[in-house]
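Residue strings, one per chain:
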Amino acid sequence: MQTTTTYANFPQNIPTGAVRWYCSEEPDVEIAILPEDAAIGSHQGRCDDDIAYLRRVPYIAQQLDAIDPNMIRRELRSYGAWDAEELADDDDNRSRLLWVACGDIVEQSRHA
């Protein structure tokens, strides 16, 4: 299973210099997201529907699917926000990781 993101997962019309990276403490858990997509997934209020939408965006879905579920679980466990029962759901974990990544990228953009 591929665990490292490559630009091969991106649509050809997206300039690679336009993306922002979420790189976790866990090796090989990284996601490249366009800033405008990150903003969709990180805002005040509930983001569940927006994260569900972003999960269907091909270049994001391909990256999330390429990350080993155990690595995602370890990364999310480090936040201490979810218990073992919640972290048992790989699909929910992909949504959680995307939400964390969007928030991180939006925050990076504010400080850039």
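Conventions we followed
Residues numbered from 1 in each chain as written. Predicted model: local features only at pLDDT ≥ 70, side-chain atom pairs only at ≥ 80, totals over all residues. Heavy atoms only, no water. Buried < 20%, exposed > 50% of the residue type's maximum accessible area, 1.4 Å probe, protein only. Helix = DSSP H or I, 4+ residues; strand = E, 2+ residues; numbered from the N terminus. Arc of directions from axis to C-beta. Contact = heavy atoms within 4.5 Å. Expected span 1.5 Å × (residues − 1). Polar contact = N/O pair within 3.5 Å; in protein donor to acceptor, adjacent residues only side chain to side chain.

Trainee: Explain helix α2 (residues 48-55) to me, please; I cannot follow it from the model alone.
Mentor: In an α-helix there are 3.6 residues to a turn, and that puts residues three or four apart on one side. All buried positions along α2 are accounted for by Ile51, Leu54 and Arg55. Angular distribution of buried residues about the axis of α2 spans 105°; they occupy a single face of the element. Contacts from the buried residues of α2 go to α1 (35-41), α3 (58-65) and α5 (90-110).

Trainee: Help me out: how do you make sense of α5 in this one?
Mentor: Relative to the 30 Å expected for 21 residues at 1.5 Å per residue, α5 spans 30 Å between its end C-alpha atoms, a close match to the ideal helical length. Among all positions of α5, only Asn93, Arg94, Arg96, Leu97, Leu98, Val100, Ala101, Cys102, Ile105 and Val106 are buried. Buried residues along α5 sit in contact with β1 (20-23), β2 (30-33), α1, α2, α3 and α4 (69-77). Of the residues flanking the start of α5, the one acting as N-cap is aspartate 89, its side-chain oxygen 3.0 Å from the backbone nitrogen of aspartate 91.

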